[in-house]
Amino acid sequence: MNEMIKMVVVLTVLASVAGGVLAAVNQGTASQIEAQQLQFVKGPAINNLMAGSANNPIEDRFKLTVGDVERSFFVGKFDGKPSTVAFESFAKGFGGDIGVMVAFNMETEKLKGAAVTIHSETPGLGANAKEKPDLVAQFSGLPVSEGVKVTKDGGQINAISGATITSRAVCDAVSKAMGTYQQIKPEIQQEIQKFGK
Amino acid sequence: MAKTIVQEFTKGLWQELPPFRLVLGLCPTLGVTTSMENGLGMGIATTFVLVGANLLISMLRSIIPAKVRIACFIIIIAAFVTIVELLMQAYTYPLYLKLGVFIPLIVVNCIVLGRAEAFAYKNNISRSMADGLGIGIGFTLSLGALGAVRELLGYGSITVWGDFSYNLLTNFPSFQPFTFMVQAPGAFIALGLMLCFINVVGSK
């Protein structure tokens with residue numbers, strides 16, 4: 001009996017201490033990890049979407065809380081006005097979460113473009129969503145509406161052949177981003193004015 | 001026949017060199033050695049986990065009950081692996097992206113659990129540290145060597161770290177890289193040749 005109690009106590013203490021240490025390390029590295037992701041993952045996607053902007057969209061960002069989640073928004077200035085805003089949206093793909101950076105033109109109410117940031121899709125099939133422009137190029141210029149779908153589901157986006165689930169997930173992420181955009185548009189407009197000076 | 005601390009350390013460098021002499025830890029050995037940088041990065045991450053886990057397990061060996069020791073080892077090892085994963089994300093993000101799933105897989109690396117069970121649980125702290133460090137450095141050098149061979153043949157270059165690299169094509173423009181060596185079958189062939197070489201040298 002004594003041994004039994006010792007086993008339970010040792011395991012519990014060990015697990016709690018490990019949990020505590022991990023929480024501390026997680027907190028300690030969180031901001032550094034965010035900076036690295038901005039530089040290596042989101043950075044290229046944002047620069048790609050905001051090509052030709054007068055400012056540095058990665059520097060000019062603000063945070064808003066949507067629902068329970070805090071999101072980062074990136075502002076692009078074109079023709080002297082901060083007219084474009086981009087943020088990341090997620091959906092479940094074939095091999096895990098897919099992150100899609102979606103940029104909106106606030107003046108024309110149209111999508112400026114979309115770019116895949118993170119994914120764990122099959123190399124050569126689903127991974128082409130990030131590596132080849134065929135899929136994401138179809139999003140630029142679409143009006144902000146109820147959502148986008150692949151042609152197989154009665155929508156307007158041609159899926160990557162052999163990667164329907166991935167294509168669906170990308171559409172899903174873009175649709176979610178559209179929903180979020182419509183939901184918090186006034187807040188975005190308010191924040192974005194601050195970058196107009 | 002008790003070994004000295006120095007012997008505990010050096011055995012990991014040759015006698016018990018993990019991938020080549022014991023043929024342990026083959027999953028990362030085959031999986032990540034597409035370049036020297038990847039191999040070294042993976043080796044260093046594993047070394048950190050090995051030394052940390054050996055240290056803690058050796059410290060706690062008198063209070064860990066024998067019946068739940070494996071569970072305790074796994075908790076300790078998993079904690080160290082998660083720390084490594086977070087640190088790599090924070091400071092060497094490109095390398096973290098390249099190594100991908102192999103970093104969390106250190107948890108199930110048989111070398112780490114093997115050293116914990118076979119050595120750290122039975123020996124004092126300084127010997128366990130020496131053992132972990134020796135095995136870890138041996139593992140790092142093995143992965144680095146295998147990575148260097150594969151990268152040299154497959155891409156014609158050797159990348160030690162970041163921009164510190166050498167490209168064969170600058171001196172021998174006629175060299176044709178055979179990409180085969182950096183793909184999965186090339187890993188087996190390179191490992192086989194390496195084992196052959198190590199056995200020939202070792203048998204003398």
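Residues numbered from 1 in each chain as written. Chains lettered and ligands numbered in written order. Predicted model: local features only at pLDDT ≥ 70, side-chain atom pairs only at ≥ 80, totals over all residues.

(A) Geometry of the overall build of chain B. If you tally the helices and strands in chain B, you get ten helices and two strands. Taken from N to C terminus, the helices and strands of chain B fall in the order α-α-α-α-α-α-α-α-β-β-α-α. Here the C-alpha radius of gyration of chain B, 18 Å, is about what a compact globule of 204 residues would show, namely 17 Å. Principal axes of the C-alpha set define a box for chain B whose edges measure 65 × 45 × 25 Å. The 204 residues of chain B split such that 43% are buried. Once local pairs closer than 6 in sequence are excluded, the contacts in chain B between residues at least 24 apart make up 76%. (Helix = DSSP H or I, 4+ residues; strand = E, 2+ residues; numbered from the N terminus. Rg over C-alpha atoms; globule rule 2.2 N^0.38 Å. Buried ≥ 20, exposed ≤ 12 C-beta atoms within 10 Å, placed from the backbone. Contact = placed C-beta atoms within 7 Å.)

(B) Region of interest: the sheet that holds strand β5 (residues 110-116) of chain A. Residues and elements named next belong to chain A. Spatial strand order, β1-β2-β3-β4-β5: five strands in an open sheet with antiparallel pairing. Every other strand in the sheet has two partners, leaving β1 (61-66) and β5 as the edge strands with one partner each. Ignoring strand direction, the axes of neighbouring strands in this sheet form an average angle of 30 degrees. Sheet analysis places strand β4 (residues 97-105) next to β5, joined by six bridges and oriented antiparallel. Directly across from Val102, in β5, lies its bridge partner Ala114. Contacts from helix α4 (residues 164-183) reach β1, β3 (81-92), β4 and β5, with the element oriented near 130 degrees to β3. (Pairing = 2+ DSSP bridges. Axes fitted to C-alpha atoms, helices over the stretch in contact; angles between N-to-C directions.)

(C) Region of the structure containing the pairing of β4(A). Residues and elements named next belong to chain A. Where burial is concerned, most of β4 is hidden: seven out of the nine residues are buried. With nine bridges joining them, β3 and β4 adopt antiparallel strand pairing. Bridged to Lys92 within β4 is Asp97. Hairpin remark: β3 followed by β4, antiparallel, with four residues in the connecting loop; positive phi at Gly96, about 135 degrees. In this structure, the hairpin formed by β4 and β5 is closed by a connection of four residues, where Glu109 is found at a positive phi of approximately 60 degrees.

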